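Below, each chain spelled out in residue letters.
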Amino acid sequence: MTFKTLDDLTDIAGKRVLVRVDLNVPVKDGKVTDATRIERVVPTIRELSEKGAKVILLAHFGRPKGEPVADMSLSTIAPDVEDILDHRVQFAADCIGEKAGTAVTAMNNGDVLLLENTRFHKGEEKNDPDFIKALAVNGDIYVNDAFSAAHRAHASTEGLAQVLPAYAGRTMQAELEALEKGLGNPKRPVVAIVGGAKVSTKIDLLMNLVKKVDALVIGGGMANTFIAARGTDVGKSLCEHDLAETAKKIMIEAASSGCAIVLPVDGVVAREFKAGADNEVVDIDAIPADAMVLDVGPKSIAAVNEWVSKAETLVWNGPLGAFEIAPFDKATVAVARHAAARTRSGALVSVAGGGDTVSAMNHAEVADDLSYVSTAGGAFLEWMEGKPLPGVDILNQAK
Ligand SMILES: Nc1ncnc2c1ncn2[C@@H]1O[C@H](COP(=O)(O)OP(=O)(O)OP(=O)(O)O)[C@@H](O)[C@H]1O
Ligand SMILES: O=C(O)[C@H](O)COP(=O)(O)O
């Protein structure tokens, strides 16, 4: 890694520093349910503010598709940033234009300002030069502290580093160092668990991942997509049927790479997506047409834990079930606790990552027992695949 860090940033009193952070945190009923991503960016914000910089935070929240969406406003997250930082955080209702400009002009040295969701503009995801310029006009320096969004070549994650002096924040630095230390030269067998809900954005990664690991355990919505691809009816489960061909190709690639694919053999099904919903365990080929799989079942938990017992290295992104609503947290909690016990005994190096995955590890009360918990999900998987991360690459190229 050849990028510059905050150690290289001296004499920044009065400088406007645009800091890309990841505030894409889990939220329920307007309340942040896991603040890990906020906690991780506090050191960078505090350090810059204490050095007298004007700290301007850029972040996305959700996937609003280039238009403002009320429940994806970062105003929901601002009070939590303020509480955790223990420092006043101003909020501007746009990340570019007059609202942003006026708020930046009003800043004093050491102030912290959070700008509205960058994804409320189409130019963000397109990495559009005009949008980059509109963001850059409010900064003298750019710091990227969002490792978990570094797999996106977006204006605020990559584009700004093309036009402003660019530095890695403390979390960016720490994440890369920790992943390299834990997984740079992994002991085999390496087992990966991939679950969660972001099927379309993660499924392609699995094609390379199966070439690198000895077993790939698939859970969550991702598993339903693979099970459906085999021709099994998944009822009303979260499933991306149009990805069936991709899923089949991954299974073929896994077979030729000697990677075992571990799919659920049973599931916990319900007819409603709510806590305490009536539920039953069914074999995976007997999912009722009007029900959805919300967790993997007990036989599957035992099979996954057998793989965790064999593993010397475990990488995990995406919960095995809808862990936020009881009792569909059982598989995620059981496997997390087994992985934690093996890690504590020294038999396993375990790295888990992802916005909701961190929350799931906290829910299982194992976050401190795993070797490392990354804030990154998709970025972590891409790093694991060996794919260049645009947000990191551009920092390495920065002058
Ligand atoms: N069977 C299932 N049906 C519906 N939702 C599920 C199921 N299994 C898991 N989920 C949901 O998946 C979500 C997490 O998926 P996601 O892919 O976003 O993981 P993540 O750890 O947040 O990774 P990233 O940081 O890349 O977003 C959780 O909110 C969980 O409820
Ligand atoms: O939650 C994440 O993994 C990051 O914030 C990136 O979000 P995205 O998958 O919507 O780009």
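All residue numbers here refer to positions counted from 1 along the written sequence of the relevant chain. Chains and ligands are labelled by the order in which they are written, letters from A for the one and numbers from 1 for the other. Where totals are concerned, whole chains, interfaces and linings use all residues; where local detail is concerned, this predicted model gives features only for residues with pLDDT of at least 70, and gives and counts side-chain atom pairs only at 80 or more. As a rule here, side-chain values come from all non-hydrogen atoms in the structure, and water together with hydrogens is ignored.

- The protein goes by Phosphoglycerate kinase in an unreviewed UniProt entry, where it is assigned to Pararhizobium capsulatum DSM 1112.
- Recorded under Sequence similarities (unreviewed entry), the UniProt text for the protein is reproduced unchanged: "Belongs to the phosphoglycerate kinase family."
- Entered under Pathway (unreviewed entry) in the UniProt record, the comment concerning the protein runs "Carbohydrate degradation; glycolysis; pyruvate from D-glyceraldehyde 3-phosphate: step 2/5." UniProt positions are given in the numbering used here, feature names are shortened, and annotations may be inferred rather than shown by experiment.

1. So, the pattern of salt bridges
Step number 1: Any Lys or Arg side-chain nitrogen located within 4 Å of an Asp or Glu carboxyl oxygen qualifies as a salt bridge. In total, this model carries 19 salt bridges according to the counting rule given.
Step number 2: Lys-51 is the salt-bridge partner of Glu-47, the closest N and O atoms lying 3.3 Å from each other.
Step number 3: Residue Lys-51 is classed as partly exposed on the basis of its relative accessible area, which comes to 31%.
Step number 4: A salt bridge links Arg-170 to Glu-47; the shortest N-O distance between them is 2.9 Å. Of the two residues, Arg-170 is situated in helix α7 (residues 170–183) and Glu-47 in helix α1 (residues 36–50); the sequence distance between them amounts to 123 residues. Across the pair, exposure class does not vary: Arg-170 and Glu-47 are buried alike. Here's how the labels work: a residue is buried when its accessible area is under 20% of the maximum for its type, exposed when over 50%, partly exposed in between, all with a 1.4 Å probe on protein chains only. Numbering goes from the N terminus for both helices and strands, where a helix is a DSSP run of H or I of at least four residues and a strand is a run of E of at least two.

2. Regarding the site of ligand 1
Step number 1: Nearness here has a simple test: a residue counts as near a molecule or strand if at least one of its heavy atoms is within 4 Å of that partner. As a structural note, the neighbourhood of ligand 1 is formed by 22 residues, with Lys-198, Glu-324, Gly-355, Asp-356 and Thr-357 the closest of them.
Step number 2: We define a polar contact as two N or O atoms separated by no more than 3.5 Å, with the added condition that, inside protein, one atom must be a possible hydrogen donor and the other a possible acceptor, whereas residues neighbouring each other in sequence contribute only through side-chain atom pairs. Interatomic distance of 2.9 Å between a backbone N/O atom of Ala-197 and an oxygen atom of ligand 1.
Step number 3: Between ligand 1 and the protein, one listed contact pairs an oxygen atom with a side-chain N or O atom of Thr-357 at 2.5 Å.
Step number 4: Methods summary: accessible areas were calculated by the Shrake-Rupley approach with a probe of 1.4 Å, and residue burial reflects only the protein chains presented. Within the complex, the protein chains bury 90% of what would otherwise be the 640 Å² of accessible surface of ligand 1.
Step number 5: Listed by contribution, the elements that provide at least two residues to the shell around ligand 1 are α9 (220–229), β14 (292–296) and α13 (355–363).

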